[in-house]
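Observations on the three-dimensional arrangement
What follows is each chain in one-letter form.
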Amino acid sequence: GASVMIAAGGQMQANTVDQAAGVWAVVERLAGQAKRAGADLFVLPEITYPAYYLESAERYRRPEIERSGAVLERFAKTAAKHGLWLVVGFVEEDGDRLYNSAAVFDRGGGLVGVARKNFLWDCDHQWFTPGDELSVFDTEFGRMGVLICADARVPEIPATLVHDGAQFIVQPTAWVNTSAVRRTYRNIQPDFLIRARAKEFGVPLVCCSKAGWEGEALEYVGQSQIVSAGGLVLAQAPL
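To start, this report covers the structure provided alongside it.

Another aspect to go through is the pairing of strand β12 (residues 218-221). Of the two faces of β12, both are covered, the one formed by Leu-218 and Tyr-220 as well as the one formed by Glu-219 and Val-221. Where strand β11 (residues 210-214) hands over to β12, the hairpin turn is made up of 3 residues, of which Gly-215 adopts a positive phi near 60°.

Across the sheet, 6 strands lie side by side as β7-β8-β9-β10-β13-β14; this open sheet has mixed pairing. Looking at which strands have only one partner, the edges of the open sheet turn out to be β7 (135-139) and β14 (233-236). Across the sheet, the axes of successive neighbouring strands diverge by a mean angle of 20°, strand direction being ignored. Here 3 bridges tie strand β10 (residues 205-208) to strand β13 (residues 225-227), and the two strands are oriented antiparallel to one another. Counted as the bridge partner of Cys-207 is Gln-225 from β13. Along the sheet, helix α6 (residues 188-201) contacts β9 (168-172), β10, β13 and β14; its crossing angle with β13, the most-contacted strand, is approximately 30°.

On the secondary structure map, Asn-15 appears in the loop between β2 (12-13) and α1 (23-36). A relative accessible area of 8% means that Asn-15 is categorised as buried. Setting aside anything within four residues of it in sequence, one finds Asn-15 in contact with Ala-20, Val-23, Thr-48, Pro-50, Ala-51 and Glu-214.

A few words on the packing of aromatic side chains. Applying the stated criterion across every chain, the model contains 5 aromatic pairs. Geometrically, the ring pair formed by Trp-24 and Phe-75 is tilted, given 5.1 Å between the ring centres and 55° between the ring planes. Of this pair, Trp-24 sits in helix α1 while Phe-75 is found in helix α3 (residues 68-82), placing the two residues 51 residues apart along the sequence. Owing to a relative accessible area of 11%, Trp-24 belongs among the buried residues under this scheme. Plain terms: the ring middles of Phe-119 and Trp-121 are 6.0 Å apart, the flat faces sit at 55° to each other, and that makes the pair tilted. Taken together, the ring pairs in this structure connect Trp-24, Tyr-49 and Phe-75 into an aromatic cluster. Here Arg-67 stacks its cationic end above the ring of Tyr-60, 4.8 Å away from the centre of that ring. The ring of Trp-121 has Arg-153 lying over it, and the distance from NZ or CZ to the ring centre is 4.0 Å.

Conventions adopted
- Residues numbered from 1 in each chain as written.
- Predicted model: local features only at pLDDT ≥ 70, side-chain atom pairs only at ≥ 80, totals over all residues.
- Heavy atoms only, no water.
- Buried < 20%, exposed > 50% of the residue type's maximum accessible area, 1.4 Å probe, protein only.
- Helix = DSSP H or I, 4+ residues; strand = E, 2+ residues; numbered from the N terminus.
- Pairing = 2+ DSSP bridges.
- Axes fitted to C-alpha atoms, helices over the stretch in contact; angles between N-to-C directions.
- Contact = heavy atoms within 4.5 Å.
- Phe/Tyr/Trp six-rings, centres within 6.5 Å; stacked < 30°, edge-to-face > 60°.
- Lys NZ or Arg CZ within 6 Å of the ring centre and 35° of its normal.

This is a description of form; function is not addressed.
Right, dumping it as structure tokens:
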């Protein structure tokens, strides 16, 4: 049977690829806060490192950007240092292909598995290959489904995770502001869709997003949230 789990999301201010080196200090600070708050599970946003907007595959592959293996080692150390289950977005390299992925680590820093984003959205298509599997992992709290950002827009994806035994779903995300009006914020996922998915499939969701502007490219809405199986927002970060 599943035990009680305390989940935390580490919402991050967006950064550009040029600012990627600054990510690690932020990750460490947020992981420390999560641990002090008593968290068992810690979720970070979609492509925490180096940035969501890669600019191009060529830009990503420049030598100052750390490669996937090194990035996973860093995140593994964070999980182990703080004794947290960690789910975090990163760029997964597979030969010439890049995937928008999320790594799952256990409390000892062991890599439990990697989930790939299936439903690419907007600029994702320019450099990522879509995933072709859905990911459910065994944890000490029961079975955990992992989906990434726009995957939540396709009801068949959470439906399949639950069908495969997921008792809760974790979502690294970067919710882009779709409002055309300055200083107003709209994104269907935090506005209503995540609550609807929780009610629809009867599972809690832990969603962690980015906030602020990523250079001139994109603005995010923040509003990371933990939603009960009944569709109630239990915790929500600000814009």
